[in-house]
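Chain residues, written in single-letter form:
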Amino acid sequence: MAGCVSRVELAVSCRSLLDKDLGSRSDPLCVLLQDVGGGQWAEVDRTERIKNCQNPEFCKKLVVDYYFEKVQKLKFGVYDIDNKSFDLNDDDYLGGIECTLGQVVSSSVFTRPLELKQGKPAGKGTITVSAEEIKDTRVVYLETEALNLDKKDFLGKSDPFLEFYKQSNAGTWQLVYRSEVIKNNLNPCWRKFSVPLQTFCGGDFNKPIKVQCADHDSDGSHDLIGAFETNLTQLQKAGDGSPVEFECIHPEKKQKKKSYKNSGIIRIKSCKIETEYSFLDYVMGGCQINFTVGVDFTASNGDPKSPESLHYISPDGINEYLIAIWSVGSVVQDYDTDKLFPAFGFGAQVPPSWQVSHEFALNFNPTNPYCQGIQGIVDAYRQILPQIRLYGPTNFSPIINHVARFAAHSAQQGTASQYFILLIITDGEITDLDQTRQAIVNASKLPMSIIIVGVGEADFKAMEFLDGDNGVLKSLTGEPAARDIVQFVPFRQFKNAPREALSQMVLAEVPKQLVSYYKWQGWPPVKPPEIKMM
């Protein structure tokens, strides 16, 4: 499971709050609660209280962990605080809102009317929430080498490696990077490496950095060759063919020998600071995520009228196809402003000609295959089932190529404005494996990701092959995929799990895939974040 993508800071302000105090204005405070399941809400954070103010702009930001793959339901509550107790039950409620964190981060400014309870407005009061990711997105890239290091090994030369330490506020040294070991070499050249600026020096260019060079011994008793202290301001002078050199000093040798000069030279060949953008930078910077669904209507699913069929809709109105659409769609829909989702079927005979089609619109409208919201996809699916004949073969490539055409058109604009997610739900019996491999390899060069949910009890070996987790997927001609864009999940693993578990599993990779595409292209967010120090 993907860890927390990041932490988000929410700035809150209100306008026209209700006035609950006699003779003076309300003294508001805003509390943030998060849905923890089972109808329970837990407090995450709260702002300060502002005295006598109906239009507060709270200074204290609310901090919450953000996960793309979950629907995170939030509740903002505004209270008039007239006592010193922490408990809010004895304070007047000035109104609140419920929303999802996805809605907040995908809006540049999120404003809603405050409600005292569902459907009952709190006067003219409104709340505005804006999100910012807490981080310094800069990364330090360093290239290092050494000259004439001391020989430490009795039979051979030294096996040197480097360690970089930053000084903590308490004055102790914390390791931030350890290089690889280069065997038997007194003039080593280490691999280029990168460390987040925050990790490297806490964002402080003048914070002391200690660099140690040691001789590696397999028993762990590494011998110090020498060390020096510097800071990022000095290191930054390296680059464009003019390295910065530091003498590597062994303190004991220096004390013992008057004639001691150094134990070698460490040369910083280049030191660059670059910005690494995150998933939230792209989403908050205006990137829309477009969601398309492809549903497998091949005969191997079984007759939809039979309870054994994967397309059979149970008396409570669901089946595995519908659960997969709801589960994934409910997360993705917050990131798409128009909430219009194209939905297609493949592998069925379609009226009026009863030709087999591998990309027909679920709403039978080829010029406008868009469904209104996730509910629209569900409704279209239910309506089309009795009107088509399940057939075959199971061809994935037409629908992948269909979405790829839109992604290619978007990529021509050269901006990080549109990313495409294709959800294919299938019973796994694929016919056009070679064409699908080629389609995925082509799509890996485009702003898109493919999620395959396998329903039923079939052997999903072909799907696992397309996922490419066991090595890079290659086309028939041997061309490798530019990035890993396919995530396959068998539904049966989630049969008895909560509904959210499926979406968390299939969507966990999407933030990484989106960032890897834009990084590969070198495209910043449409509206890049302003760098704000922590």
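Residues numbered from 1 in each chain as written. Predicted model: local features only at pLDDT ≥ 70, side-chain atom pairs only at ≥ 80, totals over all residues. Heavy atoms only, no water.

Topic: the overall build of the protein
Within the protein, the regular secondary structure consists of 12 helices and 26 strands. Taking the principal axes of its C-alpha atoms as reference, the protein extends roughly 95 × 80 × 40 Å. Out of the 534 residues in the protein, the part that is buried amounts to 51%. Taking contacts inside the protein between residues at least 6 apart in sequence as the whole, the part at least 24 apart equals 71%. For the protein, the computed accessible surface area is about 25200 Å², with 49% contributed by carbon and sulfur atoms. Each charge sign in the protein was given a centre, from 56 positive and 66 negative side chains, and these centres are 6 Å apart. (Helix = DSSP H or I, 4+ residues; strand = E, 2+ residues; numbered from the N terminus. Buried < 20%, exposed > 50% of the residue type's maximum accessible area, 1.4 Å probe, protein only. Contact = heavy atoms within 4.5 Å. Areas by Shrake-Rupley, 256 points an atom, 1.4 Å probe, with all protein chains shown as cover. Lys, Arg positive; Asp, Glu negative; His and termini not counted. Charge placed at Lys NZ, Arg CZ, Asp CG, Glu CD.)

Side note on the layout of surface pockets
A volume near 550 Å³ is recorded for the second largest pocket. If you trace the second largest pocket, you find 20 residues lining it, with Lys70, Val71, Gln72, Lys73 and Glu500 closest to the centre. Listed by contribution, the elements that provide at least two residues to the lining of the second largest pocket are strand S2 (28–37), helix H6 (320–332) and helix H11 (499–507). Its residues placed into classes, the lining of the second largest pocket shows five nonpolar, eight polar and seven charged. The residue makeup of the lining of the second largest pocket includes at least three contributed by each of domain 1 (6–134) and domain 3 (288–507). (1 Å grid on protein atoms, 1.4 Å probe; cavity = no way out; pocket = protein on both sides within 12 Å on 5 of 7 lines; lining within 4 Å. Points joined across faces, edges and corners; volume = space filled by probe spheres on them. Nonpolar A, V, L, I, M, F, W, Y, C, P; charged D, E, K, R; others polar. Domains from an automatic or database assignment.)

Focus on the packing of H6 against H11
Running from amino to carboxyl end, H6 crosses H11 at an angle of 65 degrees, the nearest separation of the two axes being 9 Å. The hand of the H6/H11 crossing is right-handed. Counting all contacts with H6, which are made through Ile323, Ala324, Ser327, Val328, Val331 and Val332, the residues of H11 involved are Arg499, Leu502, Ser503, Val506 and Leu507. Taken together, the residues of the contact of H6 with H11 sort by class into eight nonpolar, two polar and one charged. (Axes fitted to C-alpha atoms, helices over the stretch in contact; angles between N-to-C directions. Left-handed = near helix turned anticlockwise from the far one by under 90°.)

Side note on the UniProt feature "domain: C2" (unreviewed entry) in the protein
The UniProt entry lists residues 1–114 and 123–246 under the feature "domain: C2" (unreviewed entry), expressed in the numbering used here. Secondary structure across residues 123–246 divides into 7% helix and 46% strand, with the first and last C-alpha atoms of the span separated by 67 Å. (UniProt positions renumbered as here; feature names shortened; annotations may be inferred.)

Side note on the sheet that holds strand S13 (residues 209–215)
Strand order in the open sheet made by the four strands is S11-S10-S13-S14, with antiparallel pairing throughout. In this open sheet, the two edge strands, each paired with only one partner strand, are strand S11 (173–178) and strand S14 (223–230). If you compare each strand with its neighbour and ignore which way they point, the axes differ by 25 degrees on average. The pairing of S13 with S14 spans seven bridges and is antiparallel. Across the sheet, Lys210 pairs through a bridge with Glu229, a residue of S14. (Pairing = 2+ DSSP bridges.)

Here's the deal with the domain arrangement of the protein
Each assigned domain of the protein is listed here: domain 1 (6–134), domain 2 (138–275) and domain 3 (288–507). For domain 1 and domain 2, the distance between their C-alpha centres works out to 49 Å.

Points about the side chain of Asp334
Along the chain, the position of Asp334 falls in the loop between H6 and strand S18 (340–346). Lys339 provides the closest opposite charge to the buried, unpaired Asp334, separated from it by 5.1 Å. Among residues more than four places away in sequence, those in contact with Asp334 are Thr100, Gly102, Gln103, Ser106 and Lys339. (Salt bridge = Lys/Arg side-chain N within 4 Å of Asp/Glu carboxyl O.)

A short note on the environment of Pro28
Its location among the elements puts Pro28 in strand S2. With residues up to four places along the chain from it excluded, the contact list for Pro28 reads Leu17, Glu48, Arg49, Ile50, Cys53, Pro56, Phe58, Val78, Tyr79 and Leu94.

Observations regarding the packing of aromatic side chains
Summed over the entire model, instances satisfying the criterion amount to 22 aromatic pairs. An angle of 70 degrees between the planes, with centres 5.3 Å apart, marks the rings of Tyr517 and Tyr518 as edge-to-face. Across this residue pair, the class does not change: Tyr517 and Tyr518 are buried. A ring pair is formed by Tyr518 and Trp523, whose centres lie 6.1 Å apart and whose planes are at 35 degrees; its orientation type is tilted. What makes Tyr518 buried here is its relative accessible area of 0%. Clustering of aromatic rings is evident, with ring pairs tying together Tyr277, Tyr282, Tyr419, Tyr517, Tyr518, Trp520 and Trp523. Over the ring of Tyr67 we find Lys70, and its NZ or CZ is 4.3 Å from the ring centre. For the cation-ring pair, Arg389 lies above Trp354, with the distance from its terminal atom to the ring centre recorded as 3.9 Å. (Phe/Tyr/Trp six-rings, centres within 6.5 Å; stacked < 30°, edge-to-face > 60°. Lys NZ or Arg CZ within 6 Å of the ring centre and 35° of its normal.)

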